[in-house]
Amino acid sequence: MRPPRPGPRSALFSVAAVTVTVTAGSLLVAPHSAGADPRPPVREGPALSPGAAQAPASATRRALAQPVADLADTAGSSRGYPREQVLSPDPENPADKSLKLGLTPYHAIAPKLNALQRLGDRVSVEVAGRSAGGHRLYLVTVTAPETARQARDQARMRELIESAPRSAARSPEIRKTYKAPVFFNNNIHGNEWEGTDASLKLVERLATATDAGTKDLLAHSRLYFNITANPDGRIAGTRANAVGFDMNRDFVTASQPEVRAMRRIQIDKQPVVMLDLHGYVNGTLIEPTTPPHGENYEYDLFLKNTYANALRMESAVNGLGLTPGKDGVEPAQIPFRDSEEGWDDWPPIFTPQYAAFHGTVAAHTVEIPLQVNNAAYESLPVEELRRRSAINVDVAGAALRATLDFVRERRTSLVADQIEVFRRGAAGAAQVPVSAESVPGVPGIGPEDVYTTDFPRAYVIPAGSGQRSATAAARLVDHLLANDVRVTRATRAFRLDGRSYAKGSYVVDLRQPKRGMANVLLADGRDISDKVSAMYDISGWSLGLLWGATVVEADSGRPSAVPARPVTSAARVGHVAPRGDLRLRLDSPQEIAALNSLLKDGVAVRRAADGSALVPSSERRKAQALARSYDVVFDAAKGPKGTPLRPVRVAAAVTAGELFALREMGFDVVPVSTAVLNAGFDWSRADVLFVSSGLSYGGLNESARTALTGFLSGHGLVGRGTAGAGLASATGRLQATAVQGNGDANGVVRVVNAGGAVTGGAPDHSFVYAPVWFTGLGDGVRVEQSYGSGNPLVSGHWRPSQDGSGGPAAAAGRASVISGPNAVLFGTEPLFRAHPKGELPQVGRALLTVSR
């Protein structure tokens, strides 16, 4: 069960005098003293970690561009198994945090894998990619040897399962000879180490075991081990990677190279079962979860298999004989059975929930029991830490071995259920609600567990004048394709569901094997505020509403009749008008990045009243190069010449996701904080200050306050949330009252944009977490954006606080973004985890607007 959650927070403070009130929350079930809080901050953290703050801009550029290996086995492949290679060693690093725990440091993994490959012909090692910090990501495959022909046969059967599930369901070859793929993901949180060591031990045993059970398992399965999903964090002892991202929150966005590598593994290998090994919850916590359950996957098939394997793992873990009195280890727990709520599988941001959309029918987060990270790592004796780590390795190993037994015994039915997932998608079949009849053997199923959705017939991403941003549409299409969603492009104009569309429009037919993946990305989502009291993490994420591209739902018609061809990448849209001055709209992150490139090159760019950038015709050649590299459009400019723009250097007290998003847009950013300013900061390095987290005016010493106030007297401020509004208040930037809604509230909301330099061209939806709105606006304060009327929440979870305040009705019609002569304040979260791509330009425009 989950430990205590913070209760609802509500705050009301004036831009003249700040008063923040936090309401203490009620307790759920506290963990055993040897366990840790399994509920990390829902955000990336309240402020940048020192490591993320010190990561150079090059780390962000590397993360954005880091390639991922193509690990697909295709019917035309000529490679069999094993696929051995000699890995070059990494330099020994005595600072690796694993060493203190008696675990395997990252630099010892490559030599260990070389040794494992030498043990026989069952172990193969491939490099799946590199981390944001530049470290290799190792995928280990364990299986009985295969000739090239046998490997091609396996690839052909795998492709048949997804692309022709009806035929696959009737295939005796698949039933008899297809090797069930199993995926073990380790150490995605860098300071939850032990899954890596348990997997290395298991690989070593499998490499040489001669018992009949192992031989049978490897003859009928392929076992894939992502040895450490987060080498940066493993080395540094941090939850996040080198640029500060919690990668178990990134799957819907895939901003990080490690996540893109895991995505590629799941698409290429198509596992029927997967485990994601975490820590620390005492006793060991084993999914399946409590409500709400993801409405877009085939939950009846998922629950049947995930619960059955959970029982296996529970028995194996408890069978180790560990006790609370002797070892400090409580019995294992299964949230679906043992808890009412608090550990949900609603969002697709977590590894196991994401895996379900690629046909995985048993997927688990497993939280091993004994805390060794964070405060425990610093305070406990080394001997105690190593005792705990050894137990955790044993617990993780028991879960792994139980899963292998489960796969060996149920291979045929697991593969059949994966086929059924794809068959339902391709056929447009109805989902099967869970019940005692549809999922026999799973106790406690009730109405609270029933989550299904009505899939539309298709989605259309229009081309031409109906599309808000061609660049955003192309980005969205490429993202769909990267997630293995099938997309076609119209070869001529067509009608669908009573609407006309231009040639070149994209169509996503929902009768496809991975319809759940398509719908979870493109659907508006659902308001689930009445379903549970609070959510573990985000509740809304729609790419259709947040990514800046027009997406139209088609509920009827025949998409198969649309004259269209399948695409493997979006058509390039980069274009430069042939004559005259040029205009860059600044509606996408790429357009902001292109503008920043021009400014850094000294181009005399001007800003129009609508916020777009005007580029002189003499710079057409540079514009053409940027149109190619960023895939953006430079239109012909009309009207007044606007006001000059110059490069913007941003001092930023922000979260890791916000820092990443700012650098994605090409801004020169130097992270700051209360501590940095108190130590003495050279304000000549900055043109504007952006504050959302980690900077408290009240925490500054006198010298730092004087320097900050002096800077803001001649420079601009952009703020987000209570931290940004509090600083604006303390320094007299704006006259307004900022009201914070329920601190647990999050999701996609309707907004009304005023247009102009900040919100011109912005989507009519935004993202909120602990939403803020502004009242009591003083003279000269402009409303740039407001929350929609009625209930502004489209999808997510937003209830009033316990005292009845802070709900969506209180926010309706209120200002969500305001500005003054030298400041802009956001009550929304337009940069949240670098996800809402269509919202990012609002912050970019704000920084450009207030910079002096």
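Not measured: the values here are computed from a predicted model.

The next thing to look at is the overall build of the protein chain. In terms of helices and strands, the protein chain carries 28 helices and 35 strands. By the compact-globule yardstick of 29 Å for 852 residues, the protein chain fits well, its C-alpha radius of gyration being 27 Å. Split into buried and exposed, the 852 residues of the protein chain put 61% on the buried side. The contacts of the protein chain with a sequence gap of at least 6 include a subset with a gap of at least 24, amounting to 80%. By element, 51% of the accessible surface of the protein chain is carried by carbon and sulfur atoms, the whole surface being about 29300 Å². Each charge class in the protein chain was averaged separately, 93 positive and 83 negative side chains, and the resulting centres sit 7 Å apart.

Turning our attention to the pattern of salt bridges. Counted according to the given criterion, the structure contains 48 salt bridges. Salt-bridge contacts for Arg 222 lead to Asp 73; the nearest nitrogen and oxygen are separated by 3.0 Å. Here Arg 222 is found in strand S5 (residues 221-226), whereas its partner Asp 73 is found in the loop between helix H2 (57-65) and helix H3 (109-117), with 149 residues between them in sequence. The class for Arg 222 is buried, based on a relative accessible area of 7%. Notably, a salt bridge pairs Glu 295 with Arg 526, separated by 2.6 Å at the nearest N-O pair.

What follows covers the sheet that holds strand S11 (residues 458-461). Read from one edge to the other, the open sheet built from five strands follows the order S16-S11-S15-S12-S17, with strand pairing classed as antiparallel. Each end of this open sheet is capped by a strand with a single partner; those strands are strand S16 (552-554) and strand S17 (564-566). Pairwise comparison of adjacent strand axes, ignoring direction, gives a mean angle of 30 degrees for this sheet. Note that strand S12 (residues 488-490) and strand S15 (residues 506-509) share two bridges and pair antiparallel. Each bridged residue has a counterpart across the sheet, and for Arg 489 the counterpart in S15 is Tyr 506.

On to the packing of aromatic side chains. For the structure on display, the rule yields 21 aromatic pairs. Consider the rings of Trp 346 and Tyr 451, whose centres lie 5.8 Å apart with planes at 65 degrees: the pair is edge-to-face. Within this pair, whereas Trp 346 is found in the loop between strand S9 (344-345) and helix H14 (351-356), its partner Tyr 451 is found in the loop between helix H16 (382-427) and S11, the two being separated by 105 residues in sequence. The burial state of Trp 346 is the same as that of Tyr 451; both residues are buried. Taken together, the ring pairs in this structure connect Tyr 297, Tyr 299, Phe 302 and Phe 357 into an aromatic cluster. The aromatic ring of Tyr 81 is capped on one face by Arg 83, whose charged end is 3.9 Å from the ring centroid.

What follows deals with the packing of helix H7 (residues 194-208) against H16. Where H7 contacts H16, the axes come no closer than 8 Å and their chain directions differ by 55 degrees. Between H7 and H16, the crossing angle belongs to the class labelled oblique. Like other packed secondary-structure pairs, H7 and H16 cross with a definite hand, here right-handed. Residues Glu 194, Asp 197, Ala 198, Ser 199, Lys 201, Leu 202 and Leu 206 of H7 lie in contact with H16, whose contacting residues are Ser 389, Asn 392, Val 393, Ala 396, Gly 397, Leu 400, Arg 401 and Leu 404. Across the contact of H7 with H16, the residue classes tally to seven nonpolar, four polar and four charged.

End to end, helix H10 (residues 257-269) covers 18 Å across 13 residues, agreeing with the expected 18 Å (1.5 Å per residue, within 8%). The buried fraction of H10 is high, at twelve of 13 residues. Every buried residue of H10 is accounted for by Pro 257, Glu 258, Val 259, Arg 260, Ala 261, Met 262, Arg 263, Ile 265, Gln 266, Ile 267, Asp 268 and Lys 269.

Leu 113 and Phe 225 are the most contacted members of the largest nonpolar core, which totals 149 residues. Per element, the largest residue contribution to this core is 17 residues, and it comes from H16. With sequence-adjacent residues up to four places away left out, Phe 225 is seen in contact with Tyr 138, Leu 139, Val 140, Val 142, Phe 184, Ser 199, Leu 202, Val 203 and Leu 206. Formed by 55 residues, the second largest nonpolar core is a distinct cluster that contains Leu 584, Leu 626, Ala 661 and Ala 846.

Burial analysis of S5 places six of its six residues in the buried class, which makes it a mostly covered element. Side chains Ser 221, Leu 223 and Phe 225 of S5 all project onto a buried face; the interleaved residues Arg 222, Tyr 224 and Asn 226 project onto the opposite face, where all are buried too. In terms of strand pairing, strand S3 (residues 136-142) meets S5 through four bridges, oriented antiparallel. Bridge pairing in S5 links Thr 141 to Tyr 224.

The element helix H18 (residues 515-522) is extensively covered by neighbouring structure, given that eight of its eight residues are classed as buried. Turning to H18, its buried residues number three or more, namely Arg 515, Gly 516, Met 517, Ala 518, Asn 519, Val 520, Leu 521 and Leu 522. On the buried face of H18, the contacting elements are H14, H16, S11, helix H17 (470-482), S15 and helix H19 (543-546).

A cluster of like negative charges, contributed by Asp 497, Asp 524, Glu 553 and Asp 555, occupies part of the molecular surface. By the secondary structure assignment, Glu 553 is in strand S16. The exposure class of Glu 553 is partly exposed, given its relative accessible area of 39%.

Interpreting fine coordinate detail is not advised for predicted regions of low pLDDT. Residues at a pLDDT of 70 or more form 94% of the protein chain, whose mean pLDDT is 93. Scored below 50 in pLDDT, residues 1-33 shows 91 contacts in the model against residues more than four places distant or in partner chains. In the predicted structure, residues 36-44 sits below a pLDDT of 50 and forms 35 contacts with residues beyond four places in sequence or in another chain.

As for its placement among the helices and strands, Arg 845 is situated in helix H28 (residues 840-850). Overall, the relative accessible area of 4% leaves Arg 845 in the buried class. Of note is the side chain of Arg 845, whose polar atom sits 3.0 Å from the backbone oxygen of Leu 586. If sequence neighbours within four positions are ignored, Arg 845 has contacts with Arg 585, Leu 586, Asp 587, Ile 592, Asp 610, Gly 611, Ser 612, Gly 756, Ala 757, Val 758 and Gly 760.

Parameters and conventions
Throughout, a residue's number is its position along its own chain's written sequence, starting from 1. Local features in a predicted model are, by the rule used here, given only for residues with pLDDT of at least 70; side-chain atom pairs are given and counted only at 80 or more, and totals for whole chains, interfaces and linings are based on all residues. Only heavy atoms go into the side-chain values, all of them from the structure, while hydrogens and water stay out. To qualify as a helix, a DSSP run of H or I must reach at least 4 residues; to qualify as a strand, a run of E must reach at least 2; elements of each kind are numbered from the N terminus. The atom set for the radius of gyration is the C-alpha atoms, and the globule formula is 2.2 Å times the number of residues raised to the power 0.38. Exposure categories follow from relative accessible area, calculated using a 1.4 Å probe and restricted to protein chains: below 20% of the type maximum is buried, above 50% is exposed, and the middle band is partly exposed. Note on contacts: a residue pair qualifies if any of its non-hydrogen atoms lie within 4.5 Å across the two residues. Areas reported here follow the Shrake-Rupley algorithm with a probe of radius 1.4 Å; residue values treat only the protein chains shown as occluding. Only four residue types enter the tally: Lys and Arg on the positive side, Asp and Glu on the negative side; His and the chain ends are excluded. Charge positions come from single atoms, namely NZ of Lys, CZ of Arg, CG of Asp or CD of Glu. One side-chain nitrogen of Lys or Arg within 4 Å of one carboxyl oxygen of Asp or Glu is enough to make a salt bridge. In short, DSSP must find at least two bridges between two strands for them to pair. Only C-alpha atoms enter the line fits that serve as axes; for helices the fit covers just the stretch in contact. Angles between N-to-C directions range over 0 to 180 degrees. In this analysis, rings of Phe, Tyr and Trp, with Trp reduced to its six-membered ring, are considered paired at centre separations within 6.5 Å, and the interplanar angle assigns stacked below 30 degrees, edge-to-face beyond 60, and tilted for intermediate values. Only Lys NZ and Arg CZ are tested; either one counts as a charge over a ring when it is within 6 Å of the ring centre and within 35 degrees of the ring normal. For classification purposes, angles smaller than 35 degrees are called roughly parallel, those larger than 145 roughly antiparallel, those between 65 and 115 roughly perpendicular, and all remaining angles oblique. A clockwise turn of the near helix away from the far one marks a right-handed crossing, whereas an anticlockwise turn of less than a right angle marks a left-handed crossing. All amino acids are sorted into three groups, where Ala, Val, Leu, Ile, Met, Phe, Trp, Tyr, Cys and Pro are nonpolar, Asp, Glu, Lys and Arg are charged, and the leftover types, Gly among them, are polar. Working rule for helices: expected span equals 1.5 Å times residues minus one. Nonpolar cores are built from buried Ala, Val, Leu, Ile, Met, Phe, Trp, Tyr and Cys residues. Side-chain atoms within 4.5 Å join them into one set. Each patch groups residues whose relative accessible area exceeds 30% and which form no salt bridge, using 9 Å between like charges and 5 Å between nonpolar side chains of Val, Leu, Ile, Met, Phe, Trp and Tyr. Per-residue confidence from the predictor is reported as pLDDT, a score between 0 and 100. Counting of polar contacts relies on pairs of N or O atoms within 3.5 Å, with two restrictions inside protein: one atom must be capable of donating a hydrogen and the other of accepting it, and residues adjacent in sequence are counted only when both atoms are side-chain atoms.

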